[in-house]
Amino acid sequence: MKSKHAQVHFNENGIPIADHFDDVYFSNDSGINETQHVFIKGNDLHQRWTLWDKPHFTIAETGFGTGLNFLVAMHEFTKFRQANPHHPLKRLFFITTEKYPLPKADIQRALSTFTSLQAETEALIALYPIGLDGCHRLHFTAFDTTLDLWIGDVHQLLGQWHSPEEGLVDAWFLDGFAPSKNPDMWTDALFSQMARLSKNDTTFGTFTAAGIVKRGLANVGFVINKRAGFGRKRDMLTGYFQLTSASGNEDNNIETRVRPSPESESELQSSPQSLPKATQKKHSQKLRLPEGPYYRYNNAPLTEEHHVVVVGSGLAAATMCLALTKRDIRVTLCFDGDNLAQGASGNPQGGFYPQLHSEASIASRLQAHCFLYARDYYDSVNSSIQLKTITKTSNKKLTKEENKYDFCGVIQLRFNDKVGVRQEKLVNDDVWPSELIRHVDSEEVRRIAGVDLPYEGLFIPKGGWLSPPQLVSDIIDLAKTTGKLTLKPNHCYVSHSSDGDVEFTHGKSIKADHVVLALGAGAVGTDAFDSLPLRPVRGQVEAIASQQPIDALKTVLCHKGYMTPAMEGRHALGSTYVKNDLAVEPREEESEQNIATHEQALANTDMVSQLKHDGTARAATRLGSPDHQPVVGALHNFKTLKQEYADLGVGKPFQQVSTLPLSNVSTLSCLGSRGLTTAPLLAEVLASTLLREPLPLNNDLLNAVNTSRFMVREAVRGEF
């Protein structure tokens, strides 16, 4: 999971050179002009954007490098949007891979000479992720662009991209070090994945004209056009993907399938539709095999014309509302009662950190990526609220006491030998970047925490605490600014119909094109969730008045429970876990249990024994699942569907069984006690699914949270 950074040096022109490949990241002549010639013009992007009639356009790239190609594409798309503010194309998705990411300082140095891209460069540097394998989704709102930076080997990653049956990618930037320098990248496996992910007429541009590239692309269905190269390069390749063979010609001579070099600039600007059909070798076209019951794009894609009803009052519902409204989808949020955050999201304070193990398990990877995305998300929310406050109060910022977000870090204490063994294994196995989690000795624990603690531990510097009710309120306020959100309190959900009627108690009804149920523990006993194995868990959190010695606490402490620094004069101290208990009245015995848990974990101090508790506490029911993972995706009656997947029990591949039926109802639920960590990214996953956008998680992680997984497991085991 921890990626290896690229090793580079800079030549006399200030151009970065990869030590491993002995090749430049961009042209010595002009990096920007090279990108413009090879990728922007090579894919005829300005013409294609002008003619585009869909809300988003997706570029995929095979080597992120310094990010220069991305910055140029984002810059050009911003100019297009400014010149065409009412055009149906509103968003650019740029998905890219990088096996050896550059350190931030090297990227900053490499891009520093491109003053025309200063704003874009500063935005990239501000969001540039830590070196963790997998997808990092970064939003550049001011540029109407989303970047999915996939860190890892391109051959492993492309197969993990979830694709609609019609294809995912609209244009390829086929970049990377030259085939002579990096032959491991330019393989048949790469070209086959490009074909799997490409739509009919998807274009490509690449700086190389090497025979291995020409043959590889032609063999999987790309029509190839040889064009004049950039600078000292005589030739480059462009072309487009043709879903069906143009002819049955069996000629093996690659030159008969390559268009001659264009002789005029006007020919360089031709669109893929205007290119003459080259004679191609007949080949077996790719099979667009979706993921069977795990296939996610099983709804008609939402557009600005559609209306979505989100049901729920907590963090899952709020993040879902913001994810949809920022895509210009009209949303009505319905919730039971007068106020938001009445369930588990109503706890005054919550610790914010990922659950990581010593190996890169599915659960740990999901936690790591959700956590990193959530941290950027909350920074953005907090910045927006601060800006709103400054605007309203004549430049008066929120004080630390007024601000209900504090990314003060989280210390996981090594409070017994068993925990020590696990922590040592996590550190020694070196799976996670130190920017995410690292060992701290007892002296550093004391310094970070601000209190006398004779323990070593693990430190998560990006963690901290937040106030869930305030967070829900802030997210909803941001969603309201889009003009696309309507709130409907006192709407208690009953059912929905296939034709879009959402029924509530007391005869209330709302028409919707799609429904998202984010009910939390309210899903228990609701018919829509009857075929899912839900696991409600009651949790009680104490609100301890600030007093010595904990009034000096500066970070979140975790052991078997957790303790936060003070907010509004009180510290959160929790939490109990009582399975299948929906009662929410505070209980004295659970207060005693929470105190005892902390006394036992902090037995080497007298910190907890000194505390006076006035009994202030709050209980709520969290909703979980049997495998402790969230549940995100389309809702069905999986009991009645299961028989259709009986062949899975006799070894039939997933890709050879049917996908789930179309559905107009989805869910974001079972976030358990990690909603602060998982809600933002999983809401993004669901919103992207509903709009047929790229998805920001590996397929195996998407499958791990799929609504159909319990049905699939039972079918594989032959349980009917």
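Fair warning: this is a prediction, and the values are worked out from it, not measured in the lab.

About the thresholds
Residues numbered from 1 in each chain as written. Predicted model: local features only at pLDDT ≥ 70, side-chain atom pairs only at ≥ 80, totals over all residues. Heavy atoms only, no water. Helix = DSSP H or I, 4+ residues; strand = E, 2+ residues; numbered from the N terminus. Buried < 20%, exposed > 50% of the residue type's maximum accessible area, 1.4 Å probe, protein only. Contact = heavy atoms within 4.5 Å. Areas by Shrake-Rupley, 256 points an atom, 1.4 Å probe, with all protein chains shown as cover. Salt bridge = Lys/Arg side-chain N within 4 Å of Asp/Glu carboxyl O. Core = buried A, V, L, I, M, F, W, Y, C linked by side-chain atoms within 4.5 Å. Pairing = 2+ DSSP bridges. Polar contact = N/O pair within 3.5 Å; in protein donor to acceptor, adjacent residues only side chain to side chain. Axes fitted to C-alpha atoms, helices over the stretch in contact; angles between N-to-C directions. Left-handed = near helix turned anticlockwise from the far one by under 90°.

Caption draft 1: Focus on the overall build of the chain. Within the chain, the secondary structure is distributed over 19 helices and 33 strands. Within the chain, the proportion of its 720 residues that are buried is 59%. Considering only intrachain contacts with a sequence separation of at least 6, the fraction spanning at least 24 residues in the chain is 76%. Accessible area of the chain: about 29000 Å², with a carbon and sulfur share of 48%.

Caption draft 2: Representation of the pattern of salt bridges. Under the definition given, this model contains 34 salt bridges. Among the ionic pairs, Glu684 bridges to Lys326, the shortest N-O distance being 3.6 Å. A residue pair is termed long-range when its members are at least 10 positions apart, and Glu684 in helix α17 (residues 675–690) and Lys326 in the loop between α10 (315–325) and β14 (330–334) qualify at 358 residues. With a relative accessible area of 1%, Glu684 lands in the buried category. Where Glu719 meets Arg717, a salt bridge forms, and the shortest distance between an N and an O atom there is 2.8 Å. A relative accessible area of 35% means that Glu719 is categorised as partly exposed. Each of Arg137, Asp148, Lys326, Arg327, Glu684 and Glu693 takes part in one network of salt bridges that share partners.

Caption draft 3: Structural view of helix α5 (residues 118–127). What α5 keeps buried is the set Glu120, Thr121, Ala123, Leu124 and Ile125. On its buried face, α5 is in contact with α3 (68–83), α4 (104–111), β6 (134–140) and β7 (145–151).

Caption draft 4: View of the nonpolar core. With 154 residues, the main nonpolar core has Ile59, Trp161, Trp172, Val310, Leu324, Tyr378 and Trp432 as its most contacted residues. Looking at which element gives the most residues to this core, the answer is helix α11 (residues 362–392), with 11 residues. Those residues in contact with Val310, other than ones at most four positions away along the chain, are Ala317, Met320, Cys321, Leu324, Val331, Thr332, Leu333, Cys334 and Val516. With 32 residues, the next largest nonpolar core counts Val502, Leu532, Leu641 and Val712 among its residues.

Caption draft 5: Local environment of the sheet that holds strand β15 (residues 350–352). What the three strands build is an open sheet, ordered β15-β20-β16; its pairing is antiparallel. On the outer flanks of this sheet lie β15 and β16 (405–406), each paired with one strand and no other. When β16 meets strand β20 (residues 464–466), the two strands line up antiparallel, connected through two bridges. Directly across from Asp406, in β20, lies its bridge partner Trp465.

Caption draft 6: Region of interest: the side chain of His571. Of note, His571 is situated in strand β29 (residues 570–574). Reaching out from His571, the side chain makes a polar contact with the side chain of Ser546 at a distance of 3.0 Å. Of the polar contacts made by the side chain of His571, one reaches the backbone oxygen of Thr564; its length is 2.8 Å. Dropping the residues within four chain positions of it, His571 is found in contact with Gln349, Glu542, Ala543, Ile544, Ala545, Ser546, Ile550, Asp551, Thr564, Pro565 and Ala566.

Caption draft 7: Region of interest: the packing of α10 against α17. In the contact formed by α10 and α17, the axes pass within 8 Å of each other and the chain directions differ by 35 degrees. As α10 runs across α17, the sense of the crossing is right-handed. Here Leu315, Thr319, Met320, Ala323 and Leu324 of α10 come into contact with α17, specifically with Gly675, Leu676, Ala679, Pro680, Ala683, Glu684, Leu686 and Ala687.

Caption draft 8: Looking closely at the sheet that holds strand β25 (residues 514–517). An order of β21-β14-β13-β25-β33-β32 is seen for the six strands of this open sheet, with the pairing classed as mixed. The sheet is open, and its two borders are formed by β21 (485–488) and β32 (631–634), each paired with just one other strand. Within this sheet the neighbouring strands show an average axis-to-axis angle of 15 degrees, counted without direction. Its contacts with the sheet place α17 against β25, β32 and β33 (665–669), and it is angled at close to 170 degrees to β33.

Caption draft 9: Examining the side chain of Thr526 more closely. Relative to the helices and strands, Thr526 resides in the loop between β25 and β26 (535–545). Leaving out residues up to four positions away in the same chain, Thr526 has contacts with Tyr493 and Leu519.

Caption draft 10: Focus on helix α19 (residues 709–716). All buried positions along α19 are accounted for by Arg709, Phe710, Met711, Val712 and Ala715. On its buried face, α19 is in contact with β32, α16 (638–641) and α18 (699–704).

Caption draft 11: Focus on the pairing of strand β23 (residues 501–504). The side-chain alternation of β23 yields one buried face, formed by Val502 and Phe504, and one unburied face, formed by Asp501 and Glu503. Judged from the three bridges that link them, strand β22 (residues 493–496) and β23 form a sheet pairing that is antiparallel. Note that in β23 the partner of His496 across the bridge is Val502. Between the end of β22 and the start of β23, which pair antiparallel, lie four residues, with Gly500 showing a positive phi angle near 100 degrees. Note that β23 and strand β24 (residues 509–511) share three bridges and pair antiparallel. Paired with Val502 across the bridge in β24 is Ile510. Following β23, the chain reverses through four residues before pairing antiparallel with β24; His506 in that reversal takes a positive phi of roughly 60 degrees.

Caption draft 12: Here's a closer look at the environment of Gln547. Structurally, Gln547 is set in the loop between β26 and β27 (556–558). Judged by relative accessible area, Gln547 falls into the buried class, the value being 16%. Considered as a pair, Gln547 and Leu611 are 64 residues apart in the sequence and their alpha carbons are 7.4 Å apart. Here Ala545 takes part through its backbone oxygen, which lies 2.8 Å from a polar atom of the side chain of Gln547.

The values are spatial; any link to function lies outside them.
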